[in-house]
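For reference, the chains in residue letters:
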Amino acid sequence: MNVTETLRNMQQRAGASFLSYGPAPEPGATGSISAATPAELVETFGEYEAEYAAIRKGVGIFVAAQRGLVEVSGKDRIEFLHRMLTNDTRQLQPGQSRRALLLSKQGRIMMDMIILHQAERTWLLLDRVDVAGLLKELDKYLFTEDVKLRDASDDYLQIALHGPKAGALLVHLAKSEVPALENLHHATVTLNGEPCIVSRFDETGSIGLHVIAPVGHAASLYQAMADAVGGLVPGVQGDVDGKGAEQTPQVDPKRSIVGRGIGWLAFNTARVEAGRPLFHIDFGPDSLPAETGLLDETVSFTKGCYLGQEVVARMQHLGHPKRKVVALRGSDDRLPIAGSQVFEKGDGAAKEKPGAVIGAITSSTLSPLGGNVAIALATIKWGKHLEGTELLVPAEGAFVVVRVANTGAAG
């Protein structure tokens, strides 16, 4: 039995339901799993509210099977990546991380990744479905450089720990001193007896620790994580009520850490509340960096040339994008679905009727922290992206008013 089957059996015994993440394989596709098949993720363990509460009050344990890994080695790797990617890699020191994009010559986003730099190698974390394309694209620009690229996606499994108790769970598993979270980019930490890479990347408005574990160690580590919190589905009571007031989970006295296994639904709610857009969901290969709302995080304007740099620099200094990803907030629980059009409001007596189409919803959920109102991320026309702008979206058979929010959709 391989690790995927072992983990799935553990999750099934805990009552998990599953969903596919990523595009369906193309007919006749062959090669690495990262190029051929979508990932299977836990959707929920059947207690969505408690899973969400774990992210906000404890720690949610999420198997991020959709994440892939590329190993880059060779003495010229940092200089090569510096020429290819949007962010500065030349200044990276071992133990540091940085988010970056790979662009087309037209300045469109091809891949979104996190760079983890170590003394002997550099790791690129990105969606598994993008790994084969990244390797192919980077290889096109390799000539005499001492750079080696390897798909390591099937050698490791990534398990994300989301929530304020993520650090406590890490300490419990390490049973020794771990790096201070305040300054952590990434580090190698021995967890449950095996060296793992731990990377910090906050996606939910709370601490996010991403454990990259050797695949042969992943099942036992996942079990150890579950054991530390009383099981993937422990006896935790408490969530967030309909008015947004948090309730403190009632902790089993045998457990030292409040937490549980979580699925995509709870994670997605928390990350939409945090206003964190995702590649392939809220922006994609037709997007420019300036449209994502992530420009400061992913692009350096002082590093010099890289693939697609002229388009990015021209837009930054001479204009603005035609559209932008923004957070939207409703006033009740009527939920627009992803793919729904966004309209400007009509004029005069028709102000509650839809005007022109100015965008589309990309993600939506109900916000427990925001009083159970509908929130969303959407790509909308520039000029309509300013905070407080009122727009109309279809939801549950009617047009409802939403407002452009500040950064976090629940804020």
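These numbers were taken from a predicted model, which means no experiment stands behind them.

Colleague: Describe the pairing of strand β16 (residues 354-367), listing the residues and the values that go with them.
Modeller: With 4 bridges joining them, strand β15 (residues 341-345) and β16 adopt antiparallel strand pairing. Among the inter-strand pairings, glutamine 341 is bridged to a residue of β16, identified as alanine 360. Inspection of the sheet shows β16 paired to strand β17 (residues 373-381) by 8 bridges, in the antiparallel sense. Pairing of serine 367 across the sheet is with valine 373, part of β17. Hairpin connection, β16 to β17: the antiparallel pair is bridged by 5 residues, and glycine 371 has positive phi, about 85°.

Colleague: Which residues make up the sheet that holds strand β6 (residues 109-117), and what are the values?
Modeller: The strand order across the open sheet formed by 5 strands is β5-β6-β7-β4-β8, and the pairing between neighbours is antiparallel. Only two strands of the sheet have a single partner each, and these edge strands are β5 (97-103) and β8 (148-151). Each neighbouring strand pair of the sheet contributes to a mean axis angle of 30°, computed without reference to strand direction. Together, β4 (67-73), β5, β6, β7 (122-127) and β8 form the strand contacts of helix α5 (residues 128-140), whose direction differs from that of β7 by roughly 130°.

Colleague: Give a description of the confidence of the model for the protein chain that names residues and reports values.
Modeller: With 89% of its residues at a pLDDT of 70 or more, the protein chain has an overall mean of 90. Note on residues 29-35: pLDDT is under 50 here. Beyond four places in sequence and across chains, it has 11 contacts. Under a pLDDT of 50 for its full length, residues 236-251 has, in the predicted model, 36 contacts with residues more than four places off or in other chains.

Colleague: Explain the packing of aromatic side chains to me, using residue names and the numbers behind them.
Modeller: Scanning the entire structure with this criterion turns up 6 aromatic pairs. Residues tryptophan 123 and tyrosine 156 carry aromatic rings whose centres are separated by 5.5 Å and whose planes lie at 70° to one another, so their mutual orientation is edge-to-face. One end of the pair, tryptophan 123, is in strand β7; the other, tyrosine 156, is in strand β9 (residues 156-162), and 33 residues separate them in sequence. When the centroid spacing of 5.5 Å and the interplanar angle of 40° are considered together, the rings of phenylalanine 279 and phenylalanine 283 count as tilted.

Colleague: Account for helix α7 (residues 215-228), with residues named and values stated.
Modeller: Since the α-helix advances by 3.6 residues per turn, residues separated by three or four positions end up pointing in the same direction. The end-to-end C-alpha separation of α7 is 20 Å, in line with the 20 Å expected for 14 residues at 1.5 Å each. All of the buried residues along α7 are His217, Ala218, Ala219, Leu221, Tyr222, Ala224, Met225, Ala226 and Ala228. Two residues or fewer past α7, glycine 230 is found with a positive phi of approximately 90°.

Each value, and the rule that gives it
- Residues numbered from 1 in each chain as written.
- Predicted model: local features only at pLDDT ≥ 70, side-chain atom pairs only at ≥ 80, totals over all residues.
- Heavy atoms only, no water.
- Pairing = 2+ DSSP bridges.
- Helix = DSSP H or I, 4+ residues; strand = E, 2+ residues; numbered from the N terminus.
- Axes fitted to C-alpha atoms, helices over the stretch in contact; angles between N-to-C directions.
- Contact = heavy atoms within 4.5 Å.
- pLDDT = per-residue confidence, 0-100.
- Phe/Tyr/Trp six-rings, centres within 6.5 Å; stacked < 30°, edge-to-face > 60°.
- Expected span 1.5 Å × (residues − 1).
- Buried < 20%, exposed > 50% of the residue type's maximum accessible area, 1.4 Å probe, protein only.

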